[in-house]
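One letter stands for each residue in the lines below.
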Amino acid sequence: GPATPPGTARPLGTGLAYFALRTGAPIVPFILGGTDDLYRGRRFRLDVLAPVTWQDLAGVPPGSAPPGPWSSAERRIAHRMTLTLHERTVDAVAAAHRAATPAPGGRKRWHWLTTAWH
């Protein structure tokens, strides 16, 4: 997705929602903090959140059947799931960024890593 300021969650695409809808697989959100500035010795933070089902994200009763593939109902539910998942991870993204932010004044060896893959 498009770049966002450090510590803010990127908007999510609906692909993950469609996968969960069509397979019934739970979604396990993970949050990675500390990737905004890369250099040798940089510490990261990885948080794994509790798994969620498509029914939970869509706000429908557990055990509900998914809508038919390629239907407008499936598109609406996938969009709702994506927005809900984004809302649920916003605070965790900010917390992971704060936890991974180093104290000011440290040495940044190999700082070229920040833009090496741009």
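Just above sits the structure.
S.K.: Can you help me understand the overall build of the chain in this one?
M.R.: A count of helical and extended segments in the chain gives three helices and two strands. Reading the chain from its N terminus to its C terminus gives the helix and strand order α-β-β-α-α. Taken over C-alpha atoms, the radius of gyration comes to 18 Å for the chain, far larger than the 13 Å a tight globule of 118 residues would show. Projecting the C-alpha coordinates of the chain onto the three principal axes gives extents of approximately 55 × 25 × 20 Å. Of the roughly 7,900 Å² that the chain leaves accessible, carbon and sulfur atoms contribute 61%.

S.K.: What am I meant to see in unusual backbone geometry here?
M.R.: Negative phi is the rule for most residues except glycine; trans is the rule for most peptide bonds. At Trp70, a residue that is not glycine, the phi angle is positive and equals roughly 70°. Located in the positive-phi region is Trp110, a residue other than glycine, with phi close to 60°. Owing to a relative accessible area of 47%, Trp110 belongs among the partly exposed residues under this scheme.

S.K.: What exactly am I supposed to notice about the packing of helix 1 (residues 15–23) against helix 3 (residues 72–100) here?
M.R.: The relative placement of two packed helices comes down to the angle between their axes together with the axis-to-axis distance. At a closest axis distance of 8 Å, the pairing of helix 1 and helix 3 adopts a crossing angle of 120°. One finds that helix 1 runs oblique with respect to helix 3. Every pair of crossing elements has a handedness; the one defined by helix 1 and helix 3 is right-handed. Each of Leu16, Ala17, Tyr18, Ala20, Leu21 and Arg22 in helix 1 lies in contact with helix 3, whose residues at this interface are Glu74, Arg75, Ile77, Ala78, Met81, Thr82 and Leu85. Split by residue class, the contact of helix 1 with helix 3 holds nine nonpolar, one polar and three charged.

Analysis parameters
Residues numbered from 1 in each chain as written. Predicted model: local features only at pLDDT ≥ 70, side-chain atom pairs only at ≥ 80, totals over all residues. Heavy atoms only, no water. Helix = DSSP H or I, 4+ residues; strand = E, 2+ residues; numbered from the N terminus. Rg over C-alpha atoms; globule rule 2.2 N^0.38 Å. Areas by Shrake-Rupley, 256 points an atom, 1.4 Å probe, with all protein chains shown as cover. Buried < 20%, exposed > 50% of the residue type's maximum accessible area, 1.4 Å probe, protein only. Axes fitted to C-alpha atoms, helices over the stretch in contact; angles between N-to-C directions. Parallel < 35°, antiparallel > 145°, perpendicular 65-115°, else oblique. Left-handed = near helix turned anticlockwise from the far one by under 90°. Contact = heavy atoms within 4.5 Å. Nonpolar A, V, L, I, M, F, W, Y, C, P; charged D, E, K, R; others polar.

Any link to function would need more than the numbers given here.
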